[in-house]
Amino acid sequence: MTATPAAGPLTWLQSALAEATTPERVYEVVLKDLAEALGASGVTIGLLDATGEWIEIVGHRGYREEVVTRFSRFRADADVPLADAVRRNCVLVVRTADEVTRRYSGVTSDDVAPGRLALACEPLRASEHVIGAIGLSFSADLGGTELNPLLEEGGSWTGAALSRCLSDRSVSAVQSLVDAARSRLAFLSAATRELSRSLDRDAVLDTLTQLVVPRFADWASVLLAEGDELVAATLVHRDHLEDDPRQRAGRFRFPTSAPTVSGEVYRTGRPSMVAGIDDDVRSRMAAYPELRESLAATRLRLVVPITAAGRILGIITLGDTGHSSFDEDDLTVAVELAARAGTALDNATRFETERNMVEVLQRAVLPTTLPADDAYELTARYLPSTIGAKVGGDWYDAFALRDGRLGLCIGDVVGHGIEAAACMGQLRNALRAYALDGEGSDVVVAAINEYAIDTATTDFTTLIYAVYDPSTGKLEWTSAGHPPMLCRRSSGVEILTAGHGLPIGIVRREYGRSSTQLDTGDLVVAFSDGLVEYQREPMDRGVMRISDALEDHRERGTEEVIDQLVAPLASRERVDDVCVLMLEHCP
């Protein structure tokens, strides 16, 4: 064939490019007129991004959509013809389809359209610098046609036109970049605040996905490492925001050694921008049939490691199905966001681990059974804090003394966590040892105060220690700075305020004691401040609320009454532990 075009079309092309005032007009002229002038059946324009490391396709014509999607953005060092022309800064002509796939490992036979026989690429130059390249494919054998001079001219005119148009936009472009940078910083700052609000892992995951979908991505998937597997933690899609993402946890998993993009990112710690559908996406489509169609529309993904303190905790994948448009800056933002999420997840995991340890320790110290006798009914409840590691300082105890009376105690160590739980265990055991000989409540509390000061186990602890005689109904007690007990009698509810002294562990001192006589059916309630201060109300108002509840449930048994007292706290977040110990005198 003779591919040399007449001078007329090239002259018109040169004139049209010279008159172009926008990059979009330049693309239009190249895609239509340059292709027609050279007899090309397909044409594509790729420009280097600001980093010079990536080539982005800004215009194309005559190529299959799947090929355009696959090569919409690729590295400048990729083994493909367009990148080769940019690197070598010269015209490249490949005269057969077989030669294309043989020379370039980044191009497969599936990428070459049926009937395409040859390929040519021309670098675009602006002020002696290569800014991109034009690629053309031909459906006819080029034979001995000399394309180089024609491509040189077309590429030179196109590069000059783009240089001029892009220069005209430089001031507004710089301002746009500044505005975009400020927006990214504001987003990351807000994200940090939101992610750090909770120490609950599920809440952190919810916050993370809410931050990115739909504002930043069309869908987001988090995989967390469990042993040698990556396990689905959540997946959120913009078209299914009403769904509960936690229902998608654990529905698929694969080894960290898997030859997938997620596996590679996890192993190497290097983020990746990936085009099209692969095994990573297909595994999600299989695990979530309700999202199959939505995920099948994925065009581009950012796959980023979730890191904390030099460790990789998992992977977050952000997907674009047509509403988003990722670039290198978005990948940078995703990396920063994943690092902040990693810190929040790591904190949540550590707090949850410590909280579980403390709760196990505390429950091990609390009595597994309570003394039982026909002369009385004893019941108790313990609810740990649900906020972070704030569990740990409250306890109750009931034990038989050698003379047949009962020792009753409820206390609250200042602080939370393992140290408070350990201190609580020491004080509980020491108090039992001092109490077993049957000394008065004032003597026992004075002794435990000396112990706390001598061993420096606590800054201070509030407690009530009471001694109850089932045979007579006499109750004596000493309070060290603790909320008062309540006694529900037939005549009403009485607040047992007498017998108060300072919390233990502060200063060596003597303690007083008080006593009262219980009649049949009288009910005594001791509790920690978590029962009366959960609504941020003053303690005296909280005490009155408990007093009213005791009156309201007068006809119920002790088990039902104590359940009613803790019911308002059972299903809500608790900032403190709750202990309740209840004694009914029924000889």
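Every chain begins its residue count from 1, and numbering advances along the sequence as written. Side-chain atom pairs in this predicted model are given and counted only at pLDDT of 80 or more, local residue features only at pLDDT of at least 70, and totals for whole chains, interfaces and linings cover all residues. Computation of side-chain values: all heavy atoms of the structure, hydrogens and water removed.

1. Focus on the pairing of strand β14 (residues 394-400)
So, point 1. For every residue, the accessible area obtained with a 1.4 Å probe (protein chains only) is divided by the maximum for its type, and the residue is called buried under 20%, exposed over 50%, and partly exposed between those limits. Numbering of helices and strands starts at the N terminus; helices are DSSP runs of H or I of at least 4 residues and strands are runs of E of at least 2. Burial runs high along β14: six of the seven residues are buried.
So, point 2. Pairing between strands is defined by DSSP: at least two bridges between the two strands are required. When β14 meets strand β15 (residues 406-413), the two strands line up antiparallel, connected through seven bridges. Opposite Phe 399, over in β15, you have Gly 407 as the bridge partner.
So, point 3. Between the end of β14 and the start of β15, which pair antiparallel, lie five residues, with Gly 404 showing a positive phi angle near 95°.

2. As for a nonpolar patch on the surface
So, point 1. Patch definition: residues with relative accessible area over 30% and no salt bridge; like charges joined within 9 Å; nonpolar side chains (Val, Leu, Ile, Met, Phe, Trp, Tyr) joined within 5 Å. All accessible-area figures derive from a Shrake-Rupley calculation using a 1.4 Å probe, and residue coverage is judged against the displayed protein chains alone. Whenever Lys or Arg places a side-chain nitrogen within 4 Å of a carboxyl oxygen from Asp or Glu, that contact is recorded as a salt bridge. Where nonpolar side chains cluster on the molecular surface, the patch consists of Val 414, Phe 460, Leu 502, Ile 506 and Val 507 and spans about 380 Å² of accessible area.
So, point 2. Mapped onto the fold, Val 414 is located in the loop between β15 and α13 (417-435).
So, point 3. Exposure remark for Val 414: the relative accessible area of 36% places this residue in the partly exposed category.

3. Some details on helix α14 (residues 441-455)
So, point 1. An expected span of 1.5 Å times one less than the residue number is assigned to each helix. Relative to the 21 Å expected for 15 residues at 1.5 Å per residue, α14 spans 21 Å between its end C-alpha atoms, a close match to the ideal helical length.
So, point 2. If you check which residues of α14 are buried, you get Ser 441, Asp 442, Val 444, Val 445, Ala 446, Ile 448, Asn 449 and Ala 452.

4. Here we look at the sheet that holds strand β8 (residues 229-237)
So, point 1. Across the sheet, which stays open at both edges, the six strands sit in the order β9-β8-β7-β12-β11-β10 with antiparallel pairing between neighbours. The open sheet has two free edges, formed respectively by β9 (253-255) and β10 (272-275), since each of these has just one partner strand. When strand polarity is set aside, the average angle formed by the axes of neighbouring strands in this sheet is 25°.
So, point 2. As paired strands, strand β7 (residues 219-226) and β8 are joined by eight bridges and run antiparallel to one another. Lines fitted to C-alpha atoms define the axes here, with helix axes fitted over just the stretch in contact, and angles between the N-to-C directions of these axes take values from 0 to 180 degrees.

5. Considerations on the confidence of the model for the chain
So, point 1. pLDDT measures the predictor's confidence residue by residue and takes values from 0 up to 100. When pLDDT is averaged across the chain, the result is 84; 88% of the residues are at 70 or more.
So, point 2. Below a pLDDT of 50 lies the segment residues 1-7, which in the model reaches 11 contacts outside its immediate sequence neighbourhood of four places, other chains included. Contacts are residue-level and defined by heavy atoms, with any inter-residue pair within 4.5 Å sufficient.

6. Notes on unusual backbone geometry
So, point 1. That bond from Val 213 to Pro 214 is cis: its omega, 5°, falls within 30 degrees of zero.
So, point 2. If you check the backbone angles, Asn 89 has positive phi at about 55° while not being a glycine.
So, point 3. Position of Asn 89 relative to the elements: it lies in the loop between α4 (81-88) and β4 (92-94).
So, point 4. By relative accessible area, which is 34% here, Asn 89 ends up partly exposed.
So, point 5. With a phi close to 50°, Ala 309 is a non-glycine residue in the positive phi region.
So, point 6. Counting through the fold element by element, Ala 309 comes out in the loop between β11 (300-308) and β12 (311-320).

7. Observations regarding the pairing of strand β19 (residues 492-496)
So, point 1. Summarising the sheet, strand β18 (residues 485-489) and β19 pair through five bridges and their orientation is antiparallel. Within β19, the position partnered with Cys 487 by the bridge is Glu 494.
So, point 2. Count of turn residues in the β18/β19 antiparallel hairpin: two residues.

8. Examining the layout of surface pockets
So, point 1. Put plainly, a pocket is an open set of points on a 1 Å grid over the protein atoms alone with protein on both sides within 12 Å along at least five of seven lines, a cavity is a set where a 1.4 Å probe fits but cannot get out, and a lining residue has an atom within 4 Å of a point. Grid points are joined across faces, edges and corners, and a volume is the space filled by probe spheres set on the points. Reported here for the second largest pocket is a volume of approximately 410 Å³.
So, point 2. Lining of the second largest pocket is provided by 17 residues; of these, Trp 54, Arg 73, Phe 74, Arg 75 and Met 273 occupy positions nearest its centre.
So, point 3. For the lining of the second largest pocket, the elements supplying multiple residues, two or more each, are β3 (73-75), β10 and α12 (328-365).
So, point 4. Polarity classes work like this: nonpolar for Ala, Val, Leu, Ile, Met, Phe, Trp, Tyr, Cys and Pro, charged for Asp, Glu, Lys and Arg, and polar for all others, with Gly in that last group. Looking at the lining of the second largest pocket residue by residue, the class counts come to 10 nonpolar, two polar and five charged.

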